[in-house]
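Each chain is listed here by its residues.
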Amino acid sequence: MLVARRTLLGVGLAAATSALAGCGDKGGPAPGSAAPGDAVTSTDAAGNRVGFGSAGNTKPPPSGSPSATASPSAGAGTAGQARYAQDVTALLREHLPATPQTVQHKGFPGAVAVVLVDGKTTVHTAVGEALRYGAGPKLLAASQRVAMRPDAIFDLASVTKVYTAILLLQQVDKGRVDLAAPVRDYLPAFTGTGKDRITVEMLLTHTSGLPVGAKVTGLADNAARWNAVLGTGLVSGAVPGDTFRYSSVGLMVAGKIVEKVTGQRLDQALKSNLTGPLGLRDTGFNPHTWLSSGAKASRLVATDARSSRGLLRGTVHDDVANHLGGVAGHAGIFATATDLAAIGQMLLNGGTYQGRRILAAATVRRMLTNLNAGKPAVDPERPHRTSAHGLGVVLNQSWFMGRLASARTFGHTGFAGPSLVVDPNRRLVLALLTNRAHPNWSWANPDPARAAVGNLLAKEVN
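Calculation rules
Residues numbered from 1 in each chain as written. Predicted model: local features only at pLDDT ≥ 70, side-chain atom pairs only at ≥ 80, totals over all residues. Heavy atoms only, no water. Helix = DSSP H or I, 4+ residues; strand = E, 2+ residues; numbered from the N terminus. Buried < 20%, exposed > 50% of the residue type's maximum accessible area, 1.4 Å probe, protein only. Areas by Shrake-Rupley, 256 points an atom, 1.4 Å probe, with all protein chains shown as cover. Axes fitted to C-alpha atoms, helices over the stretch in contact; angles between N-to-C directions. Parallel < 35°, antiparallel > 145°, perpendicular 65-115°, else oblique. Left-handed = near helix turned anticlockwise from the far one by under 90°. Contact = heavy atoms within 4.5 Å. Nonpolar A, V, L, I, M, F, W, Y, C, P; charged D, E, K, R; others polar. Core = buried A, V, L, I, M, F, W, Y, C linked by side-chain atoms within 4.5 Å. Salt bridge = Lys/Arg side-chain N within 4 Å of Asp/Glu carboxyl O. Pairing = 2+ DSSP bridges. Expected span 1.5 Å × (residues − 1). Bend = angle between axes of the 7 residues up to and from the residue.

Colleague: Looking at this structure, how should I read the overall build of the protein?
Modeller: Helix and strand counts for the protein stand at 13 helices and 18 strands. Across the 462 residues in the protein, those meeting the buried criterion constitute 62%. For the protein, the accessible surface area stands at approximately 15800 Å², while carbon and sulfur atoms represent 52% of it.

Pasting the structure below:
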């Protein structure tokens with residue numbers, strides 16, 4: 001199983017860490033009547049949510065959400081969706097627990113997928129359960145479980161890194177940050193042997209030589225924990241700029257640069273500069289602070305149920321992010337699949353979304369360019385992974401993109417089960433959110449399901 005990165009993110013090889021989190025909407029409708037695995041919805045031309053299968057959801061889409069009228073070229077489907085929407089749903093159901101009584105799954109208890117083609121929703125489907133297990137973990141009685149909804153809010157884990165990169169690149173656009181400048185120019189506390197050579201760009205391309213995780217436990221307060229992050233040393237023998245090594249520390253540091261130049265905490269910068277302008281009400285850090293009690297009960301998706309923290313639902317899964325108060329550049333954002341798809345569409349559009357410019361077009365082009373060409377990759381978890389990476393986004397990786405992978409395809413994954421794939425050749429965005437870490441991340445590898453959905457879409461969308 002994928003153990004190495006998880007175990008490294010906390011106290012050396014002892015503590016386990018992984019994911020990401022988010023902020024947004026002030027509440028949601030009462031739970032629908034959908035049975036687990038049966039909610040499949042879309043939006044008609046008037047903006048009304050409609051469904052097929054045994055359940056729909058009547059909540060109108062939030063402002064800033066993508067249009068959901070199916071693209072004519074995608075093929076007609078029930079309730080405005082493409083005909084392949086039912087195939088995506090059926091594929092995802094194959095990865096659910098075999099029966100309502102099955103204890104140990106090999107995929108995930110539930111999932112939500114949104115597919116946009118030419119900016120229009122062709123698939124919006126929800127399967128399985130958002131809450132299936134209690135602390136222990138133990139399988140909950142059917143009456144205690146929560147069905148997955150199309151507007152379910154997931155822990156985005158490392159997909160948070162994409163948001164942090166966008167926030168940092170906005171400051172590049174404003175002339176406040178120079179990608180070629182040493183990190184130490186912005187953060188004097190970024191000390192340690194050889195770290196004076198690390199540039200801002202290296203943080204986003206994972207070529208800084210910084211390790212996966214930082215040791216932040218056993219310290220007096222958050223200021224001490226952040227000083228420990230900034231003082232984290234290089235991997236033994238690493239030369240900044242030479243090699244791709246996936247590093248959550250690099251994005252933690254990138255988030256601190258955002259805070260330094262904006263004068264805002266990262267969660268505030270996210271709302272001011274990204275989710276607010278785009279109208280994404282279902283995205284943000286620490287969702288317990290902005291969701292209504294009804295939304296917490298019906299929309300939050302659970303992750304781990306066997307950690308020392310008990311059942312995690314609306315609390316960031318990543319241990320380091322949790323120690324840092326749930327707000328960090330590498331993990332902590334929570335969001336819906338619809339809101340995540342909007343981020344993908346914005347990047348696909350060259351930095352604009354529904355008339356709002358978020359990034360300069362030239363900045364987006366650089367963000368989506370492979371800046372690691374010719375560099376080796378060191379990734380013990382995925383030894384066949386290449387170094388292809390832009391600024392905060394992964395490029396051309398078939399292990400999770402399937403046959404959607406190409407030199408232009410970009411996206412990101414998260415340890416708790418989320419993924420984003422954008423295929424410019426097909427004008428396609430796939431936001432696939434699963435809760436594979438519920439109740440135990442070691443039970444399942446989410447990559448086969450991710451690749452399978454990519455393969456299906458590559459066949460159906462031309």
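Here the narrative resumes.
Colleague: What is the right way to read the packing of helix H3 (residues 160–173) against helix H7 (residues 266–278) from this model?
Modeller: In a packed pair of helices, the relevant descriptors are the angle between the two axes and the axis-to-axis distance. For the pair H3 and H7, interaxial distance at closest approach is 11 Å and the crossing angle is 70 degrees. Between H3 and H7, the interaxial angle falls into the category roughly perpendicular. H7 is crossed by H3, and the crossing has left-handed handedness. Each of Tyr163, Thr164, Ile166, Leu167, Gln170 and Gln171 in H3 lies in contact with H7, whose residues at this interface are Leu266, Ala269, Leu270, Asn273 and Leu274. Grouping the constituent residues of the contact of H3 with H7 by class yields seven nonpolar, four polar and no charged.

Colleague: Help me out: how do you make sense of the nonpolar core in this one?
Modeller: Burial of nonpolar side chains together is a common tendency in soluble globular proteins. In terms of nonpolar packing, the biggest core is built from 94 residues, with Tyr163, Ile166 and Met367 touching the most fellow members. A total of eight residues in this core trace back to one element, the largest contributor, which is helix H10 (residues 337–348). Setting aside residues up to four positions removed in sequence, Tyr163 forms contacts with Leu156, Leu270, Leu274, Thr283, Ile333, Ala335, Leu340 and Ile343. Counting residues in hydrophobic clusters, the runner-up holds 29 residues, among them Ala111, Val115, Val421 and Ala449.

Colleague: Is there a simple way to explain the pattern of salt bridges in this structure?
Modeller: Pairing between side chains of opposite charge can happen when the charged atoms of each approach one another. A full pass over the atoms with the stated rule returns 14 salt bridges. For Arg299, the salt bridge goes to Asp151, with nearest N and O atoms at 3.4 Å. Highlighted residues: Arg299 in helix H8 (residues 293–299) and Asp151 in the loop between strand E7 (146–147) and strand E8 (154–155), separated in sequence by 148 residues. Note on Arg299: relative accessible area 0%, which makes it buried. When its relative accessible area of 6% is taken as the criterion, Asp151 is described as buried.

Colleague: How do you make sense of the sheet that holds strand E11 (residues 333–335) when you look at a structure like this?
Modeller: Whether parallel or antiparallel, the strands of a sheet pair through hydrogen bonds between backbone atoms. Strand order across the open sheet formed by three strands is E8-E11-E10, with antiparallel pairing between neighbours. The open sheet has two free edges, formed respectively by E8 and strand E10 (284–285), since each of these has just one partner strand. Of the strand pairs in this sheet, E10 and E11 are connected by two bridges, and their pairing is antiparallel. Paired with Phe285 across the strands is Ile333, a residue of E11.

Colleague: How should I be thinking about the side chain of Glu201 in this particular structure?
Modeller: Its location among the elements puts Glu201 in helix H4 (residues 200–205). Residue Glu201 is classed as buried on the basis of its relative accessible area, which comes to 18%. When near neighbours in sequence (up to four residues on either side) are disregarded, Glu201 contacts Leu179, Arg366, Leu371 and Leu391.

Colleague: Teacher, can you tell me more about H7 here?
Modeller: Along an α-helix, a turn takes 3.6 residues, which lines up residues three or four apart on a common side. For H7, spanning 13 residues, the distance from its first C-alpha to its last is 17 Å, which sits close to the expected 18 Å at 1.5 Å a residue. Residue Ser272 marks the point of greatest curvature in H7, where the axis turns by about 40 degrees. Every buried residue of H7 is listed here: Leu266, Asp267, Ala269, Leu270, Leu274, Thr275 and Leu278. Two residues or fewer past H7, Gly279 is found with a positive phi of approximately 70 degrees.

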